Structure formats: C-alpha cells, structure tokens
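As a plain string of letters, each chain reads:
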Amino acid sequence: MSDAAHTEMWEKLNLDISAHEGLLEVLGKFYGDIYLSQENRLNGMEYLDFVLSEVHGLRIKEIQDAKATGKKVIGTFCVFVPEELTLAANAIHVGLCSGADAGTDEAEKLVPRNTCALIKSFIGFKLARICPFTESCDLVVGETTCDGKKKAYEAFGKLVPMHVMEVPQTKTTDAKQLFKAEVLRYKEALEELTGVKITVENLRKSISVVNEKRKALQRLSRLRAADPAPISGRDALLINQVSFYDDPERFTQSINTLCDQIEERIAQGGGVVPAGTKRLLLSGCPMAVPNWKLPYVMESSNAVIVGEESCIGSRNVRDLVDDSADTIEGMLDALVDRYMKIDCACFTPNDERMVNVQNMVKDLNADGVVHYALSFCQPYAHEAIKLQDVLSQKGIPMLSVETGYSMEDVEQLKTRVEAFVEMLD
C-alpha cells in the first residue's frame, strides 16, 4: 500500500494528517530503539514487526474493506468485553489507542488533571484525531472497572457512539447475575447494530477462535519458563499487544509458528540472554501500545522479564471458555463464568490475584516481582501494598513502581530497578 493511499485513507477517516504523521515518526524511532536494537531475536518476530509497522496502514485498510461489505467495528479498552460475542455477530473486535501521551491539554478540559494517563490518553487520541481505530469504530464499548473510567465515559460518550457495560466489584452470586445481565445487554446491542442474530452455531465457532488464540498465548507463556529465557519480555509484551489488533485466526497461526521456533531454540540451549540472568515478573496495570518504557528499563538492567501478570498478559489468557454447552443459555453462562475469573484490581476482595502472582513466580522461575501501577490508579496502588505484604511473607522480593507515560523519570526508574536487580544477588 503506497504512502499516498495511506494518506487518502486517513483523510477519509478525518485524521489530523500532520499530527498523525508526527506520531508515526516518533513511534517508529521509539520502536527501533526499543525493539529492533535487540540481539538474538527470533525470526518469527519479523511478523510482529510488520504488523506494528502497518498497524495504522494495512490493518486499517483491512478494516475499511470489511466495513465496505457491511461489517461493523467494535472498539474496546478492556478485557471484560467478550470478544466471543463480537465475533459471533460477524463484527471486528479491536483495542483502541491508549498507551501514550496525546492531546493531553484538550483531554484535561474533559477530565481532571490527576486522572490516570490511560484515560487521558484515549480521550486525547480522539480529540487530537490521530487514532484510526477509534475513527473506524461503529461502537465503542466501555466498562466500569474503575471510577476514573466510569466518569470519563460520560464525556467520551459525547465524542463516539458508546455502550458501557457494568462490571461488578465483587464476585458474589448476585454479582455474577448482574454481569450476566450486562453480557445479555451487550449481545442485544450487537444484534441490533449488526443485524446478525447470535446463534449456537456462530457463538460456538467464535468461542473456538478465541480459545485457540488464548491457547497459543498460554503455550508461549509456558515456554518462557526455560533458562536461558528464549524470548525477551519486550517481545512477549508486543505479542500480547498485537493480539488486540490483529485478525485473531491469523494471529494464532503466527504465534504457534513462533512457539515452534522457541521450542527449537530451547532444545538447542539458546536464549536471548545468558543462563542465570535475573528473571523478573512484571505485575500490575495493563500496558497498551506504545507503553514500553518500564520493560525497556527492566531489560536494560541486567534482567529479563519472563511473564506479565496483567490484562495485556496472563490475566487475559489464563482461562478458557468451557465449550461443552450446546444451548445459547449454556454458552452465555460459560462466558460469564470465564470472564468473572479475571482477577482485576476492581474486585474486592481480590485474594485470587495474590495466589495467581505467587503461582506465576513459581511456574516461571522468577527471582522477583516488579509491580507497576499507573500514577493515580487507585485500585492497583492499593493492591501493590497488599501484594508486597503477601510476597514478603513468602520470601519473594518485590519492587513497587508508580509512573506515567512521560519519559522524564526514565533515569530514576533505571536507578531503582538496577538496585533491585543487584539486591536479588
């Protein structure tokens, strides 16, 4: 696809072409410094590099071509929105831009300054007109996973067609019934938007597609237990990030091919770092593209990341949907059961997350945990204190970090992470 064709497509989406080109230029350099500079990368990562290089190009063209045939596009910010239902309605399910400072001044006219960077980012990307995914959406689905998002969606809903799902804050029987009602309401909204009836047949197929994608990512996670680490944490994070943008079946095939290469590397005793390199688990808030700052700092500090306990990581792929039901009611119950296992910090109590972090440390042979919370993210800041206490009792070292998207604190972060890694010795 030529540059002129790209530009014409972006103009039709009403992007600010000058600002968008500036964003792509910055991201290209950032990506080169953080990703393409790595040594011992697997050949299979070339596919992910290509996807990222064309994420605003060929992928957007695919989406526009699909829209021309009548398909609808659903944009989301959270793993609580059931992708299975979206696909069953013959719609496209994509994550939206929210991983960099963009349009901050304008966003702060709609939300308070001390709102977390992720929320200001998705509003800023819209106001600055530089996210072609947002501009392609027929519906944006929000969710009430925190007070900041819940209130921000009131303002954001004036900018985009919006549907908000209520996510309960507990996991009681009543809470599960509430979430089932919200899943049903989302199903009805999809059917009305697309004109497609969600049936046993199309829902069974979509459950299989999404389960297979999760299985591929689970396979990748298991392989990262090897020492030396066969893939960098930056590349593994990139894979999880791309899973929110790429065609799910194509993505699954590419990741299984990559895992074949990883298995060959492990069999040959190879890795991206020497055996014995300190192994870190990154835990906490989700990291949307291009939020790569902390992983870069960690892996530039004589350490390697071997797992992500995050929504863009294990939290999104750990559990599959039971595919044994043969009625719509049974399938919806299976969806509800699976999504209510997500151990988001919005839940209270959230003791299962404490257990899941410990299990990941053990399964991936991690030497320590770096807990990441976005500045002003109350749920994860609270849980950092609880998790520190739990891990301390088990003799598992943990470093708690709060930061935003700005690069101003990189040197400070590097000093803290290096000291933590040295302490692990």
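Above this text sits the structure in question.
Residues numbered from 1 in each chain as written. Predicted model: local features only at pLDDT ≥ 70, side-chain atom pairs only at ≥ 80, totals over all residues. Heavy atoms only, no water.

### Let's talk about the nonpolar core
Applicable threshold: Side-chain atoms within 4.5 Å are what join buried Ala, Val, Leu, Ile, Met, Phe, Trp, Tyr and Cys residues into a set we call a nonpolar core. Burial here depends on accessible area, computed with a 1.4 Å probe over protein chains only, as a share of the maximum for the residue type. Under 20% is buried, over 50% is exposed, and the range in between is partly exposed. Here a strand is any run of E in DSSP of at least two residues, a helix any run of H or I of at least four, and the numbering for each starts at the N terminus. Two residues qualify as a contact provided that any one of their heavy atoms is within 4.5 Å of a heavy atom in the partner residue.
By size, the foremost hydrophobic cluster in this structure holds 127 residues, and its most contacted members are Ile239 and Trp292. In terms of residues, this core owes the most to one element, helix α11 (residues 200-223), which gives seven residues. In contact with Trp292, not counting residues within four places along its chain, are Phe30, Tyr31, Ile34, Tyr35, Leu52, Leu237, Leu238 and Gln241. In this structure, Ala225, Val369, Leu387 and Leu391 belong to the second largest nonpolar core, which totals 19 residues.

### Points about empty space enclosed by the protein
Put simply, the rule reads: Here a cavity denotes grid points, spaced 1 Å and computed from the protein atoms alone, that fit a 1.4 Å probe unable to get out, and a pocket denotes an open set having protein on both sides within 12 Å along at least 5 of 7 lines; residues with an atom within 4 Å of a point are the lining. Grid points are joined across faces, edges and corners, and a volume is the space filled by probe spheres set on the points. Polar here means any residue other than Ala, Val, Leu, Ile, Met, Phe, Trp, Tyr, Cys and Pro, which are nonpolar, and Asp, Glu, Lys and Arg, which are charged; Gly is therefore polar.
Enumeration according to the criterion identifies one cavity of 30 Å³ or more in this entry. Roughly 180 Å³ of internal volume is contained in the largest cavity. As for the largest cavity, its lining consists of 16 residues, of which Glu83, His93, Lys213, Phe244 and Asn316 are closest to the centre. Taken together, the residues of the lining of the largest cavity break down into eight nonpolar, five polar and three charged.

### Some remarks on the side chain of Asn316
Mapping Asn316 onto the fold places it in helix α15 (residues 314-317). Here Asn316 is in contact with Val79, Arg214, Phe244, Ser310, Cys311 and Arg338, once residues within four sequence places are set aside.

### Things to note about the sheet that holds strand β8 (residues 398-403)
Here is the rule: Pairing between strands is defined by DSSP: at least two bridges between them are needed. Lines are fitted to the C-alpha atoms to define the axes, a helix being fitted only along its stretch in contact, and any angle between axes, read from their N-to-C directions, falls within 0 to 180 degrees.
Sheet architecture is open: four strands sit in the order β6-β5-β7-β8, paired in parallel fashion. Of all strands in the sheet, those bounded by a partner on one side alone are β6 (303-309) and β8. Within this sheet the neighbouring strands show an average axis-to-axis angle of 25°, counted without direction. As defined by bridge partners, strand β7 (residues 368-374) adjoins β8 across six bridges and the pair is classed as parallel. Looking at the pairing, Ala373 lines up with Glu402 of β8. Packed onto the sheet, helix α18 (residues 378-393) meets β5 (278-284), β7 and β8 and runs at close to 170° relative to β8.

### Details of unusual backbone geometry
Of note, the bond from Asp227 into Pro228 is cis; its omega dihedral lies within 30 degrees of zero at 10°. In this structure, Pro228 sits in the loop between α11 and α12 (233-242). In this structure, the amide linkage connecting Thr348 to the following residue, Pro349, adopts the cis form with an omega of -5°. Tracing the backbone through its elements, the reader meets Pro349 in the loop between α16 (328-339) and α17 (351-363). For Asn14, which is not a glycine, the phi torsion comes out positive at approximately 65°.

### Let's talk about the pattern of salt bridges
The condition is simple: Whenever a carboxyl oxygen of Asp or Glu lies within 4 Å of a side-chain nitrogen of Lys or Arg, that contact is scored as a salt bridge.
Tallied over the entire structure, the rule returns 39 salt bridges. Notably, a salt bridge pairs Lys109 with Glu106, separated by 2.9 Å at the nearest N-O pair. For Lys109, a relative accessible area of 63% puts it in the exposed group. Between Glu309 and Arg353 there is a salt bridge, with its nearest N and O atoms 3.0 Å apart. Placement of Glu309 in strand β6 and of Arg353 in helix α17 is noted, with a sequence separation of 44 residues between them. Through salt bridges with shared partners, one network takes in Glu309, Arg315, Arg318, Asp319, Asp343, Arg353 and Glu383.

### Observations concerning the sheet that holds strand β2 (residues 92-95)
In any sheet, the strands associate via hydrogen bonds between backbone groups, in a parallel or an antiparallel arrangement. In space, the four strands of this open sheet follow the order β2-β1-β3-β4, with parallel pairing throughout. Of all the strands in the sheet, the pair left with one neighbour each is β2 and β4 (162-165). Averaged over all pairs of adjacent strands, the angle between strand axes in this sheet comes to 25°, irrespective of strand direction. Summarising the sheet, strand β3 (residues 139-143) and β4 pair through four bridges and their orientation is parallel. Bridge pairing links Val140 to Met162 in β4. The strands that helix α4 (residues 58-68) touches are β1 (73-76) and β2; relative to β2, the one it contacts most, it runs at about 150°. Lying over the sheet, helix α10 (residues 173-194) contacts β1, β3 and β4, oriented at roughly 160° with respect to β4.

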